[in-house]
Amino acid sequence: MNSPAKKRVAKRKSVERISLTNITTLLHFEKIAGKASLVDASSTGFLLQIERKDLLPEHLRQNLSIESVEGEPVVMVIEQMDLELSGRIARTKYIGKGIFEVAVDFSDDAPEYWRECLFDLLS
């Protein structure tokens, strides 16, 4: 018998909108957005909300889908902590009123203890 694949499950928590800046793809070294809000976090990743007006490439601003950036490695800065985060865009979704949700998984090289500490700090 084959057992079903294990899913990574981590405790999640909503956070009070934390500002992120300079969301940049590492594949093309192109800024995707000038700013975003971190709205949900876990030890495995985080959820961003990006307003259409903050998307920098014109081809992203003109569409109701930004799934073309899914899978791309990105880097961004939490301004309040002067902390640079890196990860991979796991999924994107247009939620309406000019706002996109972007789920980012932490990069594989981020140690688990570091991710847990950041998760605790974001409460």
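Definitions and limits used
Residues numbered from 1 in each chain as written. Predicted model: local features only at pLDDT ≥ 70, side-chain atom pairs only at ≥ 80, totals over all residues. Heavy atoms only, no water. Helix = DSSP H or I, 4+ residues; strand = E, 2+ residues; numbered from the N terminus. Buried < 20%, exposed > 50% of the residue type's maximum accessible area, 1.4 Å probe, protein only. Contact = heavy atoms within 4.5 Å. Areas by Shrake-Rupley, 256 points an atom, 1.4 Å probe, with all protein chains shown as cover. pLDDT = per-residue confidence, 0-100. Pairing = 2+ DSSP bridges.

1. Brief notes about the overall build of the protein
Counting its secondary structure elements, the protein contains 2 helices and 6 strands. When the helices and strands of the protein are placed in sequence order, the string is β-β-β-α-β-β-β-α. For the protein, with 123 residues in total, the buried portion stands at 44%. Long-range contacts, defined as pairs at least 24 residues apart, comprise 52% of the intrachain contacts of the protein with a sequence gap of at least 6. As presented, the protein carries roughly 7,800 Å² of accessible surface, and 49% of it is formed by carbon and sulfur atoms.

2. Notes on unusual backbone geometry
Residues other than glycine seldom take positive phi values, yet Asn22 does so here, at roughly 50 degrees. With a phi close to 55 degrees, Lys97 is a non-glycine residue in the positive phi region. Mapping Lys97 onto the fold places it in the loop between strand E5 (83-96) and strand E6 (99-106).

3. Some details on the confidence of the model for the protein
Mean pLDDT for the protein: 86, with 89% of residues reaching 70 or above. Averaged over each element, pLDDT in the protein is lowest for helix H2 (residues 112-121) (83) and highest for E6 (96).

4. Focus on the pairing of E5
Alignment of strand E4 (residues 73-78) against E5, held across 6 bridges, turns out to be antiparallel. Along E5, the bridge assignment pairs Met76 with Leu85. Taking the residues that link successive antiparallel strands as the turn, the E4-E5 hairpin has 4 residues, and the phi of Asp82 there is positive, at about 50 degrees. Where E5 lies against E6, 8 bridges are found, and the strand directions are antiparallel. Pairing of Tyr94 across the sheet is with Phe100, part of E6.

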